[in-house]
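Structural description and commentary
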2 protein chains.
Amino acid sequence: MDKRIHLRTDEIPTSWYNVLPDLPVPLPAVLHPGTLEPITPDDLAPIFPMSLIMQEFHPERWVDIPKEILEIYSQWRPTPLVRATRLESALSTKARIYYKDESLSPAGSHKPNTAVAQAYYNKTEGVKRLATETGAGQWGSALAFATGMFDLDCTVYMVKVSYEQKPYRGILIRTWGGEVFPSPSEKTNAGRAALADDPECAGSLGLAISEAVEDALTHDDTKYSLGSVLNHVLLHQTVVGLETKRQLELAGEEADVIVGCVGGGSNFGGLIMPFMPDKFDGKGPRCLAVEPAACPTLTKGPYRYDFGDVAKTTPLLKMYTLGHGFFPAPIHAGGLRYHGDAPLLCHLVSQGFVDAVAYPQSEVFKAAMLFAQTEGFISAPETSHAICGAIKEAQGAPEGKVIVIGYSGHGLLDLAAYDAWISGRIEDYEYPEEKIEEALKDLPEVE
Amino acid sequence: MDKRIHLRTDEIPTSWYNVLPDLPVPLPAVLHPGTLEPITPDDLAPIFPMSLIMQEFHPERWVDIPKEILEIYSQWRPTPLVRATRLESALSTKARIYYKDESLSPAGSHKPNTAVAQAYYNKTEGVKRLATETGAGQWGSALAFATGMFDLDCTVYMVKVSYEQKPYRGILIRTWGGEVFPSPSEKTNAGRAALADDPECAGSLGLAISEAVEDALTHDDTKYSLGSVLNHVLLHQTVVGLETKRQLELAGEEADVIVGCVGGGSNFGGLIMPFMPDKFDGKGPRCLAVEPAACPTLTKGPYRYDFGDVAKTTPLLKMYTLGHGFFPAPIHAGGLRYHGDAPLLCHLVSQGFVDAVAYPQSEVFKAAMLFAQTEGFISAPETSHAICGAIKEAQGAPEGKVIVIGYSGHGLLDLAAYDAWISGRIEDYEYPEEKIEEALKDLPEVE
């Protein structure tokens, strides 16, 4: 049997799968925070190009992938589905474990799947520059790669504390032709105000979002780009799940469990969405979202309308949320430190089609070390959550159980986190449940 | 056409190709530095296991690859041969450019191909621990990965200046279960002597070799391991060339030029060796070694017997050499800073089967940036030399010229070098030709 199941270049999916028309219960609308009415495409036009906005509301099951995007995808796609035989042996499990390897993209994660699509659609609508925020830099570097491929300019506002502590992702952004500023920056009113308030301000993702949105709003040739949460982002990520489905068929396997990590939900959402039609028919694999115990949105958050950002500038999204004011503990999986989740994923959880579980980071690092010492590869701290979930699923599994891991990214630029683990400097954090009422108290009551 | 030419797991070569019996002129012997007589297997037994020593002198054309090694190879092999279509477009070349992607191994380079084999053979002979040296850490991390796969212990002496400046490769070593000491260390007489002489000593590769060899000589359960130069290392690397040959056949292509970077010669040697039988018949591709202008062994060095290390502890090897006392300028391609080259590769150069060219690192970084901005991937500074050579070959090429690049490793742990380039802090270095006579003056005259 092949250790790695490869597809040919011409087997890259030529359409993305859009789950919206297949949902048994429609997705709750995104609401305008002033009127509490559903937002319209025009509300979003100042910051996104119309082709991406229309994908938020797309009524058809399939969306053709333009050939210009397929050409860039082919630089690393299709990605292999790999059998983790040495991990299986180490666990003495009767399960068969596979991982879908999205770490092979130039930026080292699944993020370019949507970054390339977003760069392309902006380009076709005459946009010259994209502005975005990034925390640890995974999304910012993916967008810089993508804009570089389409000769667009790219401005990344990177949370200052990460900009200083993790210089490598900033270098990646510049290597691909992007510019990167520590946020708060002197480039925007939001940044200047924060610096006036506190010149030493370390920044936050919420503030960086405000800077990027302001940049887009104040420049005619510039739009804003978001790396997770929205429907069109999850749509683009369905190439991952579509390939996985085909690869499982080729291997003669049927997945019993699909495990992925969830921060905003784009990697896991893209992986599981193509399996949803089966789920809606009462079949299909268990879909298991793994989140950090320090930021347990799906497992501990109420399902409420909330803002997407700290500053309450976004529309209201129905999500499992810990409150837009919740500031998660400084775990190493920076990409999983978001107070909410993609509304589409939350909807599927609320309908019982997706399960969720949370693990403390010490469990997660143990899993990552076992993976490194058996399969050889260094997983991103985010991805290590999925590995941890898969290991728990494999322990005591019945003969022939098939487990699929969403291997969303490598950890080669996160080795400082491994160093912390090896040196005994990894702390676990309790989620402060008593704070949630306060964090949610200024939200409108909407049904 | 497929952008990436994949082979199945069962197409990993099951034998390594040994060029020794096919050489039109036999390889000059390795000499004992005292007697100036050819060394015998027994001379090497204190530091290497006998199975590897016998591979140095192997009389047959093929060496079976044990299934235990094939199993570990399958974690990342076969590696794809990738068409660099976007690089071709950017160059407006009529050539077709392919790259053989060895960056996909767990350690990020071709090095595990021999590390895994060496760990296996040592294991079968009852060795419990391997000791080695490493400069920037590519080889040390590859050996730590390999020993981890076979439950061997691993001790790496890492040149102190790199240990301090490049912590990530040290973390990799520890993640895979190895131990790593800055060299000079307190663990050996050689290290203690150097520290007594100068407590601030920054170390050198030559000194780290002395520490690793002493460690092996003074511990019964420990052997020494070398990542390049020797025949058995190049033998193990022939999986790269054998796969490439098969992939070119599948693509219906015949290589006109194969380009690789050369430090010790293992990556390039492994890539070209399987093409040598054709070369010996007056056919086959041009084989082009690319080296740094700051360390131009093949292009500027005389073909002489020299020591492999600064301290003159090794046997005498016939090589193009800049002298065992030559200390190359601090270019970013640390893996290419060796005063000699694999005797096997030097022999092929001397016989006219391999060509060589040298480029300054500014040219090399320009090439790496073009590759990153077209194909998307970040190449190691060493690998960037091969890309540079390929670009020169592509410029003005006739219709349909086929160029194959040995893409030996990624540069994700070398981003500081990219930062230096982007920030205008890359210097070129002149090779000090006037120093070569002095560097070679204490060598025995041997024919």
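The sections below set out a description of the structure shown in this document. (Residues numbered from 1 in each chain as written. Chains lettered and ligands numbered in written order. Predicted model: local features only at pLDDT ≥ 70, side-chain atom pairs only at ≥ 80, totals over all residues. Heavy atoms only, no water.)

**Considering the overall build of chain A**
Inclusion rule: What counts as a helix is a DSSP run of H or I of at least four residues, what counts as a strand is a run of E of at least two, and both are numbered from the N terminus. For this measure, only C-alpha atoms enter the radius of gyration; the expected value for a globule follows 2.2 Å times N^0.38, where N is the number of residues. When checking whether two residues touch, look at their non-hydrogen atoms; a contact exists if any pair is within 4.5 Å. Values of accessible area rely on a 1.4 Å probe in the Shrake-Rupley scheme; residue burial ignores everything except the protein chains shown.
What chain A contains, in helices and strands, is 19 helices and 15 strands. Computed over C-alpha atoms, the radius of gyration of chain A comes to 20 Å, within 12% of the 22 Å expected from 2.2 N^0.38 for 447 residues, which places it in the range of a compact globule. Structurally, chain A occupies a C-alpha span of about 60 × 50 × 45 Å along its principal axes. Sequence separation of at least 24 residues holds for 76% of the intrachain contacts in chain A that already meet a minimum separation of 6. Here chain A displays about 15700 Å² of accessible surface, and carbon together with sulfur accounts for 51% of that area.

**Here we look at the pairing of strand S15 (residues 402-407) of chain B**
All names here are of chain B. Rule in force here: Residue exposure (1.4 Å probe, protein chains only): buried if accessible area is under 20% of the type maximum, exposed if over 50%, otherwise partly exposed. Two strands qualify as a pair provided DSSP detects at least 2 bridges between them.
The element S15 is largely enclosed, with a buried count of six among its six residues. The alternating pattern of S15 places Val402, Val404 and Gly406 on one face and Ile403, Ile405 and Tyr407 on the opposite face, and all of these are buried. Judged from the six bridges that link them, strand S5 (residues 96-101) and S15 form a sheet pairing that is parallel. Across the sheet, residue Arg96 finds its bridge partner in S15, namely Val402. Here three bridges tie strand S10 (residues 257-261) to S15, and the two strands are oriented parallel to one another. Looking at the pairing, Val259 lines up with Ile405 of S15.

**Re the sheet that holds strand S10 (residues 257-261) of chain A**
Residue and element names in this part refer to chain A. Heads up, the condition is: Axis definition: a line fitted to C-alpha atoms, over the contacting stretch in the case of helices. Angles run 0 to 180 degrees between N-to-C directions.
As summarised here, the arrangement of the seven strands in space is S1-S4-S5-S15-S10-S11-S14, forming an open sheet in which the pairing is mixed. Looking along the sheet, the strands with just one partner apiece sit at the ends: strand S1 (4-5) and strand S14 (355-359). In this sheet, strand S5 (residues 96-101) lies alongside strand S4 (residues 81-83) in antiparallel orientation, the contact comprising three bridges. Of the residues in S5, the one forming a bridge with Val82 is Tyr99. Helix H11 (residues 231-250) rests against S1, S4, S5 and strand S15 (402-407) of the sheet, and its axis sits at about 140° to S5.

**Description of the relation of the copies chain B and chain A**
To go from the first copy of the chain to the second, apply a rotation about an axis and then a shift along the same axis. Defined as follows: When the copies are overlaid, the least-squares fit takes in C-alpha atoms only where the residue has pLDDT of at least 70 in both copies.
Screw-axis analysis of chain B against chain A gives a translation of 0.0 Å along the axis, an RMSD of 0.0 Å, and a rotation angle of 180°. Overall, the copies show the geometry of a two-fold rotation axis. Most of the interface of chain B is mirrored in chain A, where 100% of its interface residues are also at the interface.

**What to know about the sheet that holds strand S1 (residues 4-5) of chain B**
All names here are of chain B. The strand order across the open sheet built from seven strands is S1-S4-S5-S15-S10-S11-S14, with neighbouring strands paired in mixed fashion. One side of each edge strand has no neighbouring strand; the edge strands of this open sheet are S1 and strand S14 (355-359). Strands in contact with helix H11 (residues 231-250) are S1, strand S4 (81-83), S5 and S15; relative to S5, the strand with the most contacts, it is inclined by about 140°. Contacts from helix H17 (residues 381-394) reach S5, S10, strand S11 (286-292), S14 and S15 within the one sheet, and its direction differs from that of S15 by about 170°.

**Description of the interface of chain B and chain A**
Put simply, the rule is: Salt bridge criterion: a side-chain nitrogen from Lys or Arg within 4 Å of a carboxyl oxygen from Asp or Glu. Residues adjacent in sequence count toward polar contacts only when both atoms are side-chain atoms; beyond that, a polar contact is any pair of N or O atoms within 3.5 Å, and within protein one must be able to donate a hydrogen and the other to accept it.
Chain B puts 44 residues into the contact, and the matching count from chain A is 44 residues. In this structure, the connection of chain B to chain A is made through four salt bridges. Notably, a salt bridge pairs Glu71 of chain B with Arg86 of chain A, separated by 4.0 Å at the nearest N-O pair. Linking chain B with chain A are 24 residue pairs in polar contact (both at pLDDT 80 or more). Elements supplying a minimum of two residues to the side of chain B that touches chain A: helix H3 (67-73), helix H6 (138-149), helix H8 (167-175), helix H16 (361-374) and helix H18 (415-422) of chain B.

**Side note on the packing of helix H6 (residues 138-149) of chain A against helix H8 (residues 167-175) of chain A**
Residue and element names in this part refer to chain A. Condition: Our angle categories are set so that under 35 degrees counts as roughly parallel, over 145 as roughly antiparallel, 65 to 115 as roughly perpendicular, and the remainder as oblique. Take the far helix as the reference: if the near one is turned anticlockwise from it by less than a right angle, the crossing is left-handed, and if turned clockwise, right-handed. By the convention adopted, Pro, Cys, Tyr, Trp, Phe, Met, Ile, Leu, Val and Ala count as nonpolar, Lys, Arg, Asp and Glu as charged, and the other residues, Gly among them, as polar.
Two elements in contact, H6 and H8, have axes whose closest approach is 8 Å; the angle formed by their N-to-C orientations is 15°. Classed by the angle they form, the pair H6 and H8 counts as roughly parallel. Crossing of H6 over H8 shows left-handed handedness. Every residue of H8 that contacts H6 at Gln138, Gly140, Ser141 and Ala144 is listed here: Arg169, Leu172 and Ile173. Among the residues forming the contact of H6 with H8, the class breakdown is three nonpolar, three polar and one charged.

**Details of the pattern of salt bridges**
Under the defined criterion, the tally for this structure stands at 46 salt bridges over all chains. Ionic pairing is found between Glu393 of chain A and Lys401 of chain A, a salt bridge with its closest N-O pair at 2.9 Å. Classification of Lys401 of chain A as buried rests on a relative accessible area of 16%. The residue Asp419 of chain A makes a salt bridge to Arg174 of chain B at a minimum N-O spacing of 3.6 Å. Of this pair, Asp419 of chain A sits in helix H18 (residues 415-422) while Arg174 of chain B sits in helix H8, which puts the two residues in different chains. Given the relative accessible area of 27%, Arg174 of chain B is considered partly exposed.

**Notes on H8 of chain A**
For H8 of chain A, every residue scored as buried is listed here: Arg169, Gly170, Ile171, Leu172, Ile173 and Thr175 of chain A. On its buried side, H8 of chain A packs onto H6, strand S7 (153-159) and strand S8 (179-183) of chain A together with H16 and H18 of chain B. Gly177 of chain A sits one or two positions beyond H8 of chain A and adopts a positive phi of about 95°.

**Thoughts on the environment of Leu345 of chain B**
Residues and elements named next belong to chain B. Positionally, Leu345 belongs in helix H15 (residues 343-350). By relative accessible area, which is 0% here, Leu345 ends up buried. Each C-alpha atom, one on Leu345 and one on Val262, is 9.5 Å from the other, the two residues being 83 residues apart in sequence. Contact partners of Leu345, with chain neighbours within four places excluded, come to Val262, Gly265, Phe268, Ile272, Leu298 and Val354.

**Re the packing of aromatic side chains**
Applied cut-off: Aromatic contacts are taken between Phe, Tyr and Trp rings whose centres are within 6.5 Å, Trp giving its six-membered ring; a plane angle under 30 degrees counts as stacked, one over 60 as edge-to-face, and the others as tilted. Charge-over-ring placement is defined geometrically: NZ (Lys) or CZ (Arg) within 6 Å of the ring centre, and within 35 degrees of the ring normal.
According to the stated counting rule, one finds 35 aromatic pairs over all chains in the structure shown. Between Tyr99 of chain B and Tyr407 of chain B the ring centres are 5.1 Å apart and the planes differ by 50°, which places this aromatic pair in the tilted class. With a gap of 308 residues between them, Tyr99 of chain B in strand S5 and Tyr407 of chain B in strand S15 connect regions that are remote in the sequence. Taking relative accessible area as the criterion, Tyr99 of chain B reaches 1% and is therefore assigned buried. Taken together, Trp16, Tyr120, Tyr121 and Phe150 of chain A form an aromatic cluster joined through their ring pairs. One Lys or Arg, Lys245 of chain A, reaches over the ring of Phe275 of chain A and ends 5.8 Å from the middle of that ring.

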